[in-house]
Amino acid sequence: MAQKHLEVSLISIPDNLLDIVYTACRTCYSPEGAVEIFKNISDITDEKKFSLIKKVISSGHYSTIEHIQLTFAINNISRAATHQLVRHRHASYSQKSQRYVKEKDELDYIIPEAIEKDPILKEKFQKHIDSVLKLYSEFIDSGIKKEDARAILPNATVSSLVMSLNIRELIHLANLRLCTRAQYEIRQTVKKMCELVVEREPWLKEHLVPKCERLGYCDEDNSCGKVKTKNG
Ligand SMILES: Cc1cc2nc3c(=O)[nH]c(=O)nc-3n(C[C@H](O)[C@H](O)[C@H](O)COP(=O)(O)OP(=O)(O)OC[C@H]3O[C@@H](n4cnc5c(N)ncnc54)[C@H](O)[C@@H]3O)c2cc1C
């Protein structure tokens with residue numbers, strides 16, 4: 001058994017992200033063509049680019065940020081969390097297969113923070129993982145295919161994936177999954193993804209927020225109480 005901790009890496013982001021978004025925004029409102037706008041981009045100050053982009057995004061013209069594709073490599077995330085992640089349909093995923101890859105003699109797993117805090121529950125959790133691994137190995141040794149033996153693996157089993165999405169979808173993901181109502185592990189995963197993007201493009205920080213910060217109120221039935229609810 002080996003307890004693992006989340007790793008997230010931003011493996012692809014365009015160097016000229018701002019120029020691409022600016023060109024998309026400007027093309028909508030300029031008599032010049034997209035080709036000329038991009039060719040003359042060095043004449044435009046960053047201040048001017050930000051000013052137009054801000055106006056366009058705040059008016060809900062989101063197609064302009066769909067041109068930017070980001071790719072993340074994610075390690076040590078539980079199958080419970082990846083199941084939630086892959087519900088986001090405008091992203092592309094390549095995930096480690098439990099059909100083709102045999103779990104190691106040590107089953108790598110994620111312990112939810114709430115269980116980890118309690119030493120007695122943590123020990124029970126680890127014992128359970130240990131016994132599952134024994135049974136899994138017994139199935140494999142008896143000739144059961146990995147794709148069938150995996151049926152007994154826990155949701156805590158670690159996975160690894162590459163995930164690509166555009167900025168519009170990242171903002172949507174952040175709005176839903178940075179909310180305190182989202183489950184802890186997916187919240188941490190999306191938080192790391194957003195931090196990595198903001199490190200490269202600080203202007204996106206104001207958009208990569210939980211939905212209450214965008215809406216100005218909370219629309220969840222069971223609010224955390226941080227901001228006023230939709231009913232006041
Ligand atoms: C706190 C929380 C609790 C949740 N609990 C549950 C649960 O109990 N059970 C459960 O099954 N799921 C649950 N989910 C998952 C949730 O229902 C969504 O499947 C998930 O959040 C993906 O959101 P999405 O569909 O908005 O996003 P995406 O798939 O990323 O899509 C983005 C947007 O594109 C549009 N879109 C995408 N596909 C279509 C389509 N086919 N038709 C029309 N518009 C489309 C929508 O506007 C959508 O909001 C939960 C999510 C959260 C954040």
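None of the values given here were measured: they were computed from a predicted structure.

Peer 1: So what about the overall build of the chain? Which residues, and what values?
Peer 2: Within the chain one finds ten helices and six strands. Rg of the C-alpha trace for the chain: 22 Å, well past the compact-globule value of 17 Å for 232 residues, more than 25% over. Each of the three principal axes of the chain carries a C-alpha extent, and together these read 70 × 45 × 25 Å. For the chain, with 232 residues in total, the buried portion stands at 25%. Nonlocal contacts in the chain, meaning residues at least 24 apart in sequence, comprise 74% of its contacts between residues at least 6 apart.

Peer 1: Kindly report on the environment of Leu 133, identifying the contributing residues and their values.
Peer 2: Note that Leu 133 resides in helix 6 (residues 119–141). In sequence terms Leu 133 and Arg 87 are 46 residues apart; their C-alpha atoms lie 28 Å from each other.

Peer 1: Any details on the packing of helix 8 (residues 167–177) against helix 9 (residues 184–200)? Residues and values, ideally.
Peer 2: For any two helices packed against each other, the geometry is given by the interaxial angle and the distance between the axes. At their nearest, the axes of helix 8 and helix 9 sit 10 Å apart, and the two run at 140 degrees to each other. Classified by the interaxial angle, the pair formed by helix 8 and helix 9 is oblique. In the crossing of helix 8 with helix 9, the sense of the turn from one axis to the other is left-handed. When helix 8 is examined against helix 9, the residues Leu 170, Leu 173, Ala 174 and Arg 177 are found in contact with a partner set consisting of Ile 186, Arg 187, Val 190, Cys 194 and Val 197.

Peer 1: I'd like a description of the sheet that holds strand 2 (residues 7–12), backed by residues and values.
Peer 2: Reading across from one edge, 2-3-6-4 is the order of the four strands in this open sheet, with antiparallel pairing throughout. Each edge of the open sheet carries a strand with a single partner, namely strand 2 and strand 4 (92–95). Each strand of the sheet is rotated relative to its neighbour by a mean of 20 degrees, with strand direction disregarded. Relative to strand 3 (residues 69–78), strand 2 runs antiparallel, the two sharing five bridges. In the strand pairing of strand 3, Glu 7 is matched with Asn 75. In the packing of helix 9 onto the sheet, contacts are made with strand 2 and strand 3, and the angle to strand 2 comes to roughly 40 degrees.

Peer 1: Please set out the nonpolar core residue by residue, giving values where relevant.
Peer 2: One recurring pattern in soluble globular proteins: nonpolar side chains tend to sit buried together. With 44 residues, the main nonpolar core has Val 21, Leu 70, Leu 170, Ala 174, Val 190, Val 197 and Leu 208 as its most contacted residues. Looking at this core, the elements with two or more residues in it are helix 1 (17–29), helix 3 (46–58), strand 3, helix 4 (79–85), helix 6, strand 6 (158–166), helix 8 and helix 9. Discounting chain neighbours no more than four positions away, the residues touching Ala 174 are Val 190, Cys 194, Leu 208 and Val 209.

Definitions and limits used
Residues numbered from 1 in each chain as written. Predicted model: local features only at pLDDT ≥ 70, side-chain atom pairs only at ≥ 80, totals over all residues. Helix = DSSP H or I, 4+ residues; strand = E, 2+ residues; numbered from the N terminus. Rg over C-alpha atoms; globule rule 2.2 N^0.38 Å. Buried ≥ 20, exposed ≤ 12 C-beta atoms within 10 Å, placed from the backbone. Contact = placed C-beta atoms within 7 Å. Axes fitted to C-alpha atoms, helices over the stretch in contact; angles between N-to-C directions. Parallel < 35°, antiparallel > 145°, perpendicular 65-115°, else oblique. Left-handed = near helix turned anticlockwise from the far one by under 90°. Pairing = 2+ DSSP bridges. Core = buried A, V, L, I, M, F, W, Y, C linked by C-beta atoms within 7 Å.

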